[in-house]
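Chains, contacts and geometry: an overview
Residues per chain are reported as follows:
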Amino acid sequence: MILDLGFGLLLGVLVNFVFQIKDWRVIALGVSSSLIVDVDAIIYYFLNGRKVDKYFYRHRDIFHHPFFVCLLASLILAFINPIYGLTWFIGSAYHFLHDCFEGWGIRFWPITNCYITFRNDSPKIIIADKQDQTDIVDVYGDANWARKKYGEFNWMFAFEMAVLMFGTMAAFSQFGDAELGFSVAMYELVLWSFWLIYLHITRLNKNLEKFKRDYSM
Ligand SMILES: [Zn+2]
């Protein structure tokens, strides 16, 4: 999600640069096309009893449909403005491709019910249908995926933050305020640091409680 936001900002900056324009809508379209389908994660979270378990990938069945979101939406936007259509196409195509590496499949519904995934822990690339997907996740899914992704320090998390900060600075620089861009990027870095410190303290507390329980202090 953080990587998608950074990518969207960079996409908007790049499209503006290539076409020698300075349109804030291109930045907004870059960000929204790279992010918006993940709104279904929020919907699914509340519909599913606020659980983020190994079956959380099912949120993608709500809005993650490249046929509508990538192809049809880009075509419609292209009639309004071809640059907007192109930006939307690249941003949404990037999102679905990114999800193919992280999620348990994206499908070109309604043309096919098969899911495609490029995860290296998936036993197959083409998953036949929802039942096949569930059978695979029963065995290969990880209940702690969210904690491993954003609930502790890891280099992928650091890379995602770096892309976000770089995208923020690039977008502000394009609109003539590099200094403000640097400040906003520093705030992002501070927020990330606070998040990591918060996680660290929470973990320390948990360990302390466990220690007290184990030695009945
Ligand atoms: Zn997604």
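Look up a bit, the structure's there.
Just so it is clear, the structure is predicted and the values come from calculations on it, not from any experiment. (Residues numbered from 1 in each chain as written. Predicted model: local features only at pLDDT ≥ 70, side-chain atom pairs only at ≥ 80, totals over all residues.)

Thoughts on the overall build of the chain
Helix and strand counts for the chain come out as 10 helices and 2 strands. Across the chain, helices and strands are ordered from the amino to the carboxyl terminus as α-α-α-α-α-α-β-β-α-α-α-α. Each of the three principal axes of the chain carries a C-alpha extent, and together these read 70 × 50 × 30 Å. A buried classification covers 29% of the 217 residues belonging to the chain. Long-range contacts, defined here as pairs at least 24 residues apart, represent 51% of the contacts in the chain between residues at least 6 apart. (Helix = DSSP H or I, 4+ residues; strand = E, 2+ residues; numbered from the N terminus. Buried ≥ 20, exposed ≤ 12 C-beta atoms within 10 Å, placed from the backbone. Contact = placed C-beta atoms within 7 Å.)

Re helix α7 (residues 130-140)
For α7, the full list of buried residues reads Q133, I136 and V137. An end-on view of α7 places all buried positions within 95 degrees of arc, on one side of the element. Looking at α7, the residues exposed on the side facing more than 90 degrees away from the buried face are Q131, D135, D138 and V139. Residues of α7 that are buried make contact with β1 (115-116) and β2 (126-127). (Arc of directions from axis to C-beta.)

Re the environment of H59
Locating H59 in the fold gives a position in the loop between α3 (39-47) and α4 (60-63). Residues H59 and R107, 48 residues apart in the sequence, show an inter-C-alpha distance of 13 Å. Contacts of H59, omitting those with residues within four sequence positions, involve D40, A41 and Y44.

Details of the environment of I125
One can find I125 in the loop between β1 and β2. Residue classification places I125 among the partly exposed residues on the basis of 13 C-beta atoms within 10 Å. Along the primary structure I125 and F79 are separated by 46 residues, whereas in three dimensions their C-alpha atoms are 35 Å apart. Here I125 is in contact with I116, T117 and F118, once residues within four sequence places are set aside.

A look at the packing of helix α1 (residues 2-18) against helix α2 (residues 24-35)
Interhelical geometry of α1 versus α2 gives an angle of 145 degrees and a closest axis separation of 7 Å. Between α1 and α2 the crossing geometry is right-handed. Packed against α1, whose contacting residues are D4, L5, F7, G8, L9, L11, G12, V13, V15 and N16, the element α2 presents V26, I27, L29, G30, V31, S33, S34 and L35 at the interface. When the residues that make up the contact of α1 with α2 are grouped by side-chain class, the tally is 11 nonpolar, 6 polar and 1 charged. (Axes fitted to C-alpha atoms, helices over the stretch in contact; angles between N-to-C directions. Left-handed = near helix turned anticlockwise from the far one by under 90°. Nonpolar A, V, L, I, M, F, W, Y, C, P; charged D, E, K, R; others polar.)

Quick look at the nonpolar core
Grouped together as the largest cluster of nonpolar side chains are 22 residues, with contacts concentrated most on L9, L10, V13, I27, A170 and A171. At the level of secondary structure, the elements contributing two or more residues to this core comprise α1, α2, α6 (82-102) and α9 (155-174). Formed by 10 residues, the second largest nonpolar core is a distinct cluster that contains C70, I106, Y115 and I136. (Core = buried A, V, L, I, M, F, W, Y, C linked by C-beta atoms within 7 Å.)

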